[in-house]
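Architecture and fold: a report
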Amino acid sequence: MKDIKVKDIIQICQGKLICGDENVVCKTFKKDTRTIEKGDVYVGIKGENFDGNTLYEKAFENGAEVCMVSGIKPKEYQGKTVIQVEDTIKALQQIARYKRSLYDIPVIGITGSVGKTSTKDIISSVMSQKYKVLKTEGNMNNHIGLPMTILKLEDHEALVVEMGMDHAGEISILTKIAHPTMGVISNIGSSHIRTLGSRENILKAKLEILEGTEENSTIALNNDNDLLNNWIKTSNTKHKIITYGIENKSDVMAKDIKCFDNGTKFILDVNNEQYEVEVPVGGKHFVYNTLSAICVGLENNIEIEKIIEGIKQVKLTKRRMEIVKSKNGATIINDTYNANYESMKAGLEYLHSVKGNRKIAILGDMLNLGDYEVELHKKIGEETVKSEVSVLITVGEASKNIVKGALELGAISNMKIYECKTNEEAIKFAKEELKQGDIVLVKASNAMHFDEIVNSIIL
């Protein structure tokens, strides 16, 4: 373990010791007073609705040993340590960058429009076959979550971090903190197109991951993604590129893909050898995530047999293609964590590939699409027809365009459609419709709270 002391923080952040002992070791950093435990370091963060800096005394009452604050004049606190910095978020990032510099270990940085969290889970499972791994928990992939993850480093031998963004420049910040030894870009889709304006601008933003990696480091890229494929052909990067894909000739490829309701099997083609791979998650899109993990494993000298075993053992973060059974015997695909066009389309394709009685889709709004909102929701409506959905239930204003897209492609007699204003309405219709043997996809952006629907219809 590489210890960080109060005096290190003061030096790194040009902070000021208000009171306490500069030799106190800072082990566990927290930003929520409700989760504080004895000996923790509390970091005050100013949010939209409250200022966490003002809660440092509450943190001390709950057992914090050290508090780091900004923007206030903290009082001296008997027997405790208070550090004042100019900006706690910036300080958190500086401390995390320093902490990262203490470790000479593999660091895998992951970004992309779709599948970052699932890719992180699979890569972590593969890397765990050789290393003690620390990975991003949940979706702590932003300018606060990533530093908080790095500060959890103890005796770990590898680090797997997810890098998210809303605007250009954000991944640039994250990659310079994490300093990956290897990068992965899963795909370039439509997520955040409202703020970035085009998929080409999204590509530029995702490629910022290269800024924090050394020039001779490796980056794994999805060769079937149109924009990444073109970039690979035209780029003069000094980074080593390893490609993976299903359609286009790549370094690591999947063939003969077979999808089941409880997983996927495919033939891995790599280094002129072939292997059978089992993924305990359904869907072609998870094959891509798995291929990226194989690239990472190979690049980090993990034996192929161990890589395949790591894939078989993967446990995904909840609400990502999670298969649950309802009491009446229907199979529910809980993919409610988030949604954009690419992931919604992939979910419907998987729904179509699984054998079952009827295919039912309960779909909600995809958010943050800006001027593309109507077009992309209509395209999803078309995908419901192509996927032979028997019952379509939608919730939300934008999702009315899913219905329009379905109807325009001819879903009149072949599909039963329910347009709902609320989740409660959708639950009512779903409970009336669901029968034994039905396969049900439930998916929408996280803010639509579709986990409420899943929790109700499985009862």
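Quick look at the sheet that holds strand S18 (residues 331–334) now. Each strand in a sheet pairs with its neighbour through backbone hydrogen bonds, running either in the same direction (parallel) or in the opposite one (antiparallel). Read from one edge to the other, the open sheet built from six strands follows the order S17-S18-S22-S19-S20-S21, with strand pairing classed as mixed. The sheet is open, and its two edges are formed by strand S17 (322–325) and strand S21 (416–420), each paired on a single side. On average, each strand axis in the sheet is tilted by 15° relative to the strand beside it, whichever way the strands run. Alignment of S18 against strand S22 (residues 439–443), held across four bridges, turns out to be parallel. What sits directly across from Thr-331, in S22, is Ile-439. Against the sheet, helix H12 (residues 341–353) engages S17, S18, strand S19 (359–364) and S22, with an angle of about 165° to S19. Contacting S19, strand S20 (391–395) and S21, helix H14 (residues 400–408) crosses the sheet at an angle of about 150° to S20.

As summarised here, the arrangement of the nine strands in space is S9-S10-S8-S11-S12-S13-S14-S15-S16, forming an open sheet in which the pairing is mixed. Each of the sheet's edge strands pairs with one partner strand only, and the pair in question is strand S9 (133–135) and strand S16 (273–279). For this sheet, the mean angle separating the axes of adjacent strands, direction not counted, is 20°. Judged from the four bridges that link them, strand S11 (residues 182–185) and strand S12 (residues 218–222) form a sheet pairing that is parallel. The residue bridging Ile-185 from the neighbouring strand is Leu-221, located in S12.

Scanning all chains against the criterion turns up three aromatic pairs. Ring geometry for Tyr-56 against Phe-60: centres 6.4 Å apart, planes inclined by 85°, an arrangement best described as edge-to-face. Within this pair, Tyr-56 and its partner Phe-60 are both found in helix H2 (residues 56–61), separated by four residues, close to a single helical turn. In this pair, the class of Tyr-56 matches that of Phe-60, namely buried. Here the aromatic rings of Tyr-418 and Phe-429 are separated by 4.5 Å at their centres, their planes lie at 25°, and the arrangement is stacked. Taken together, the residues span a long stretch of sequence, with Tyr-418 in strand S21 and Phe-429 in helix H15 (residues 423–433) at a distance of eleven residues.

So, on to the pairing of S22. The buried fraction of S22 is high, at five of five residues. Because side chains alternate across S22, one face comprises the buried residues Ile-439, Leu-441 and Lys-443, and the other comprises Val-440 and Val-442, equally buried. Across five bridges, the pairing between S19 and S22 is parallel. Among the inter-strand pairings, Lys-359 is bridged to a residue of S22, identified as Ile-439.

Generally speaking, soluble globular proteins have nonpolar side chains that are buried together. Formed by 115 residues in total, the largest nonpolar core has its most connected members in Met-127 and Leu-291. In terms of residues, this core owes the most to one element, helix H10 (residues 284–299), which gives eight residues. If we ignore the near neighbours within four places in the chain, the residues touching Met-127 are Pro-106, Ile-108, Val-133, Ala-158, Val-160, Val-296, Asn-300 and Ile-302. If you look at the next biggest cluster of nonpolar residues, it comprises 22 residues, including Ala-330, Ile-332, Val-440 and Ala-444.

Okay, the side chain of Ser-250 next. With respect to the helices and strands, Ser-250 occurs in the loop between strand S13 (240–245) and strand S14 (252–260). For Ser-250, a relative accessible area of 8% gives the class buried. Side chain to side chain, Ser-250 and Asn-223 meet in a polar contact 3.2 Å long. Only 2.8 Å separates the side chain of Ser-250 from the backbone oxygen of Asn-248, close enough to count as a polar contact. Discounting residues that sit within four places of it in the chain, Ser-250 has contacts with Asn-223, Thr-243, Tyr-244 and Gly-245.

Reading guide: rules and limits
- Residues numbered from 1 in each chain as written.
- Predicted model: local features only at pLDDT ≥ 70, side-chain atom pairs only at ≥ 80, totals over all residues.
- Heavy atoms only, no water.
- Pairing = 2+ DSSP bridges.
- Helix = DSSP H or I, 4+ residues; strand = E, 2+ residues; numbered from the N terminus.
- Axes fitted to C-alpha atoms, helices over the stretch in contact; angles between N-to-C directions.
- Contact = heavy atoms within 4.5 Å.
- Phe/Tyr/Trp six-rings, centres within 6.5 Å; stacked < 30°, edge-to-face > 60°.
- Buried < 20%, exposed > 50% of the residue type's maximum accessible area, 1.4 Å probe, protein only.
- Core = buried A, V, L, I, M, F, W, Y, C linked by side-chain atoms within 4.5 Å.
- Polar contact = N/O pair within 3.5 Å; in protein donor to acceptor, adjacent residues only side chain to side chain.

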